[in-house]
Amino acid sequence: MVGGTTATAVWASFMLVGMVSAHLFPFQNTSLPWEQRVDDLVSRLTLDEKLGQMKHGGAASNAPTPAVPSLGVKPFIWGSECVTGLGSDDPTLVGTSFPQTLGMAATFDPQFMSVVASTIAVELRGKHNNDTAHGIVQYHHGISCWSPVVNIMRHPLWGRNDETFGECPVLTSAMAKAFVKGIRGNNSHYVAAAAACKHFDVHGGPEAGRDTFNANVSQRDWVQTFLPAFAACAESGCDGFMCSYNSIRGVPACVNHRILTTWARDQWNMSGYIVSDQAALYNVQAKHNFTSSAMETSHLAVKAGCDLEDADDQQHTAFFALADAVRAGLLNQDDIDRAVKRLFLVRFRLGEFDPPENNPWRQIPPSVVRSKAHLALAREAAVRSMVLLKNQGSAMYATEGHKTKAKASSSSTEQTHHTATATEQTHHTTTATAT
């Protein structure tokens, strides 16, 4: 009896401790602030585990980021193209297809852009929830969007002009903010899908030479034309930036402290992560000849503010030399921790480490993909993207003798905007609401 009583008491004590301590680690405690949970998780990772999170941000054989089974950290897919809908970059994913960004810009309607983006986010979540339930971890299937493209369309030979919002910094900024807010959703705690604006910065020249191009941009053009859209992204709470292939005034963008830290983080308070364009860090040495080794590139990139490398294999990388940079004393533990914390903050905000029942986005079924309501919205978007400018009363052009010169007319602008802007409607779809 004594032995039985003792055993019962021990078991009761064990059960009581289990009930009181429902969380194995503080980072699993949903009542704690995001930052405190991130700090706890990162503190439990080894150096190799931390570097693994920074090295595997890309495509093909370089994805996904590795799991950490001892802590319950699963593999993670960074970088889906989400701007035209689920399956923007994968023909096997058949989602609702919306007009290209340039077409959405032609609606001149940021509010409608936000509705479209929130619909895309819902479909991303529906597909991702189904993938999670079936253990599918595959590139392009994630909820971390490397979208939107907010570069200014300047050169007709750039291959991605149709992915931009056009030539106007003001319109691009307004549409970028709307897309970011829509894709992230309206829940005050969890993000529907993460948005990273790209390509930062002064990007968009001819495809030929895009890996070596040096943008000798004037200070005025830089500040007035190329920076506003990224500042707008930061203001809207975007989850990150992607730095571009090109150099700016002789410094490759992905090792450029001025843009990645001084502007993005210090001036604009962008708290998210920064990822390189695919193989952009490898090109710092191989094509820009800016550094002499991958170790030097990784050192400069992390110090400048780049947290994640996008590469499609392990041969065209720089961050695989991060361990060498740490051993050489070029980077310290704080440098690595700072970058890894930014990455995990995004994943916490997506709800990866919380019970599914806590997160309304985790409740979205795959049946929302290509629903009748979403297809109707896509047709409406296509119709709104078709804009005919009418030269009513010679408002757009004024003829003087044999000379015809363009005339800026506020009346024609107002008329065009009125024609292209939708009347206020309530879209009864499964789009933007998660409370």
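In the block above lies the structure referred to throughout.
Residues numbered from 1 in each chain as written. Predicted model: local features only at pLDDT ≥ 70, side-chain atom pairs only at ≥ 80, totals over all residues. Heavy atoms only, no water.

Novice: If you had to explain the pairing of strand E2 (residues 194–200) to someone new, which residues and values would you point to?
Specialist: Here E2 lies mainly inside the structure; seven of its seven residues are buried. In terms of strand pairing, strand E1 (residues 144–145) meets E2 through two bridges, oriented parallel. By the bridge assignment, Ser144 is partnered in E2 with Ala194. For the handedness criterion, the β-α-β arrangement of E1, helix H6 (residues 169–184) and E2 is classed as right-handed. (Buried < 20%, exposed > 50% of the residue type's maximum accessible area, 1.4 Å probe, protein only. Helix = DSSP H or I, 4+ residues; strand = E, 2+ residues; numbered from the N terminus. Pairing = 2+ DSSP bridges. Right-handed = clockwise from strand over helix to strand, strands pointing away.)

Novice: So what about the environment of Ile248? Which residues, and what values?
Specialist: By the element assignment, Ile248 lies in strand E5 (residues 247–248). Residues Ile248 and Asn214, 34 residues apart in the sequence, show an inter-C-alpha distance of 5.6 Å. Once you skip the residues sitting within four places of it in the chain, Ile248 turns out to touch Asp201, Val202, Asn214, Ala215, Val217, Trp222, Ala253, Asn256 and Ile259. (Contact = heavy atoms within 4.5 Å.)

Novice: Help me get a handle on the pattern of salt bridges, residues and values and all.
Specialist: This structure, assessed with the given rule, holds 22 salt bridges. In this structure, Arg384 and Asp109 form a salt bridge, with 3.3 Å as the shortest nitrogen-oxygen distance. Pair noted here: Arg384 is in helix H14 (residues 372–384) and Asp109 is in the loop between helix H4 (101–105) and helix H5 (110–133), with a separation of 275 residues, a long-range link. Of the residues examined, Asp109 reaches a relative accessible area of 6% and is grouped as buried. In this structure, a network of salt bridges that share partners links the residues Glu81, Arg160, Glu163 and Lys198. (Salt bridge = Lys/Arg side-chain N within 4 Å of Asp/Glu carboxyl O.)

Novice: Can you tell me about the state of the cysteines, naming the residues and giving the values?
Specialist: Tallying each qualifying case throughout the model produces three disulfides. Each disulfide pairs two cysteine sulfurs, and for Cys243 the partner residue is Cys254, the sulfurs being separated by 2.1 Å. Here Cys243 and Cys254 share a disulfide; its torsion about the S-S bond, 110°, makes the bridge right-handed. Of this pair, Cys243 sits in strand E4 (residues 240–243) while Cys254 is found in the loop between strand E6 (251–252) and helix H9 (257–267), placing the two residues 11 residues apart along the sequence. Judged on exposure class, the residue Cys243 and its partner Cys254 are both buried. The cystine pairing of the protein chain, numbering bonded cysteines in sequence order, is 1-2, 3-4, 5-6. With no disulfide of its own, Cys238 has Cys197 as its nearest cysteine by sulfur position, at a separation of 4.6 Å. Cys243 supplies the cysteine sulfur nearest to Cys306, a cysteine that is in no disulfide, at a spacing of 4.4 Å. Classification of Cys306 by relative accessible area gives buried; the value is 0%. (Disulfide = S-S within 2.5 Å.)

Novice: For the sheet that holds strand E3 (residues 214–215), give the residues involved together with the corresponding values.
Specialist: Spatially, three strands are ordered E3-E5-E6 in an open sheet, and the strand pairing comes out mixed. Two strands close off the open sheet at either side, each with one partner strand: E3 and E6.

Novice: Summarise the packing of helix H2 (residues 34–43) against helix H13 (residues 333–349); cite the residues concerned and give the values.
Specialist: Two elements in contact, H2 and H13, have axes whose closest approach is 9 Å; the angle formed by their N-to-C orientations is 125°. One element, H2, and the other, H13, form an angle in the oblique class. For the crossing formed where H2 meets H13, the hand is right-handed. Contacts between H2 and H13 involve Trp34, Arg37, Val38, Asp39, Leu41 and Val42 from the former and Asp337, Val340, Lys341, Phe344, Leu345, Phe348 and Arg349 from the latter. Here the residues of the contact of H2 with H13 are counted per class, giving eight nonpolar, no polar and five charged. (Axes fitted to C-alpha atoms, helices over the stretch in contact; angles between N-to-C directions. Parallel < 35°, antiparallel > 145°, perpendicular 65-115°, else oblique. Left-handed = near helix turned anticlockwise from the far one by under 90°. Nonpolar A, V, L, I, M, F, W, Y, C, P; charged D, E, K, R; others polar.)

Novice: Which residues make up unusual backbone geometry, and what values go with them?
Specialist: With an omega of 0°, the peptide bond running from Ala63 to Pro64 counts as cis. One non-glycine residue, Ala279, adopts positive backbone phi at about 70°. Within the fold, Ala279 resides in the loop between strand E7 (273–276) and helix H10 (280–286).

Novice: Which residues make up the layout of surface pockets, and what are the values?
Specialist: What the largest pocket holds in volume is close to 570 Å³. Looking at the largest pocket, it is lined by 26 residues, and the ones nearest its centre are Lys74, Pro75, His128, Thr132 and Glu352. (1 Å grid on protein atoms, 1.4 Å probe; cavity = no way out; pocket = protein on both sides within 12 Å on 5 of 7 lines; lining within 4 Å. Points joined across faces, edges and corners; volume = space filled by probe spheres on them.)

Novice: A description of the nonpolar core should follow, citing residues and the corresponding values.
Specialist: Across soluble globular proteins, nonpolar side chains show a tendency to be buried alongside one another. Residues Met54, Ile183, Phe241 and Phe344 are the most contacted members of the largest nonpolar core, which totals 112 residues. Top element by residues in this core is H5. It accounts for nine residues. When near neighbours in sequence (up to four residues on either side) are disregarded, Phe241 contacts Ala196, Cys197, Phe200, Phe230, Cys233, Ala234, Ala264, Trp268, Met270, Tyr273, Ile274 and Val275. (Core = buried A, V, L, I, M, F, W, Y, C linked by side-chain atoms within 4.5 Å.)

The values are spatial; any link to function lies outside them.
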